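Each chain is listed here by its residues.
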Amino acid sequence: RFILLPRAYVPEGRIEVRARRDRVAYDQWRDMGALVATPGDVTDYDWLERDMIADGEVYQIVKAGIDPWNGTHLALRLQAEGLDIEFMRQGYGTLTAPTKRFEALVLERRFDHGGHPVMRWCAQNVAVQTDPAGNIKPAKDKSTERIDIVVAAINALGVWMGQEVEAPSVYETRGLLVL
């Protein structure tokens, strides 16, 4: 079972506009603690950095996956604080395996987000794009609404998959079995 502790952010000054535009109760999510409202009208990367560093101390984060598009500055600052960063480009080559694994975990009911309302909403919005070779990735332009927190979860899963250590072969632990 995989357990995700989702955290979603939105600038406080944009909650009312986004609630009207997206027809979603951002203010209620904020009030219940499911959405972190950062000061101002734009994304506060200092706030995100502080939270990630604090999370690293509590949860012993081994590595964080960041989309390099507009994330390089934050990645460099987090690396300076000692957090190991892996860039997760948002293309088929990087996202196919973790997207397929994510889908399998969801279908097998082995992915637990604790009923997080923002995660649930984003998951309902996800559409995938497929190339001729059968590779897939989440597609923001084809999805019905926002999917950011699901993409972040897929990025995290992709980083984790790169960290997986294969278990030793059964033949290494018990030898051959002859019937």
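Residues numbered from 1 in each chain as written. Predicted model: local features only at pLDDT ≥ 70, side-chain atom pairs only at ≥ 80, totals over all residues. Heavy atoms only, no water.

Caption draft 1: Highlighting the overall build of the chain. Helix and strand counts for the chain stand at eight helices and eight strands. Counting across all 179 residues of the chain, residues that qualify as buried make up 34%. When the accessible area of the chain is evaluated, it comes to approximately 11,400 Å², of which 52% is carbon and sulfur surface. Distance between charge centroids for the chain: 5 Å, based on 22 positive and 26 negative side chains. (Helix = DSSP H or I, 4+ residues; strand = E, 2+ residues; numbered from the N terminus. Buried < 20%, exposed > 50% of the residue type's maximum accessible area, 1.4 Å probe, protein only. Areas by Shrake-Rupley, 256 points an atom, 1.4 Å probe, with all protein chains shown as cover. Lys, Arg positive; Asp, Glu negative; His and termini not counted. Charge placed at Lys NZ, Arg CZ, Asp CG, Glu CD.)

Caption draft 2: Inspection of the nonpolar core at higher detail. Core analysis: the largest hydrophobic core is formed by 27 residues, its most contacted members being Y26, W29, F102, F111 and M119. For this core, the secondary structure elements donating two or more residues are β2 (8-11), α1 (15-22), α2 (26-31), β3 (35-38), α5 (92-107), α6 (117-125) and α7 (148-163). The element best represented in this core is α7, accounting for six residues. Ignoring sequence-local partners within four residues, the contact set of F111 consists of F2, L4, F102, L105, V106, M119 and A153. (Core = buried A, V, L, I, M, F, W, Y, C linked by side-chain atoms within 4.5 Å. Contact = heavy atoms within 4.5 Å.)

Caption draft 3: Layout of the side chain of N155. Tracing the chain through its elements places N155 in helix α7. Polar side-chain contacts of N155 include one of 3.3 Å to the side chain of Q90. When near neighbours in sequence (up to four residues on either side) are disregarded, N155 contacts M88, Q90 and L95. (Polar contact = N/O pair within 3.5 Å; in protein donor to acceptor, adjacent residues only side chain to side chain.)

Caption draft 4: Structural context of the environment of W69. Relative to the elements of secondary structure, W69 occurs in the loop between β4 (64-66) and α4 (72-80). A sequence separation of 37 residues divides W69 from M32, and the C-alpha atoms of the two residues are 31 Å apart.

Caption draft 5: Quick look at the pattern of salt bridges. Per the stated rule, a full pass over the model turns up 14 salt bridges. For R77, the salt bridge goes to D46, with nearest N and O atoms at 2.2 Å. Within this pair, whereas R77 is found in helix α4, its partner D46 is found in helix α3 (residues 45-59), the two being separated by 31 residues in sequence. Taking the shortest distance from any N to any O, the salt bridge between D84 and K63 comes out at 4.0 Å. Highlighted residues: D84 in the loop between α4 and β5 (85-87) and K63 in the loop between α3 and β4, separated in sequence by 21 residues. A single salt-bridge network, built from bridges that share partners, covers R7, D51 and D55. (Salt bridge = Lys/Arg side-chain N within 4 Å of Asp/Glu carboxyl O.)

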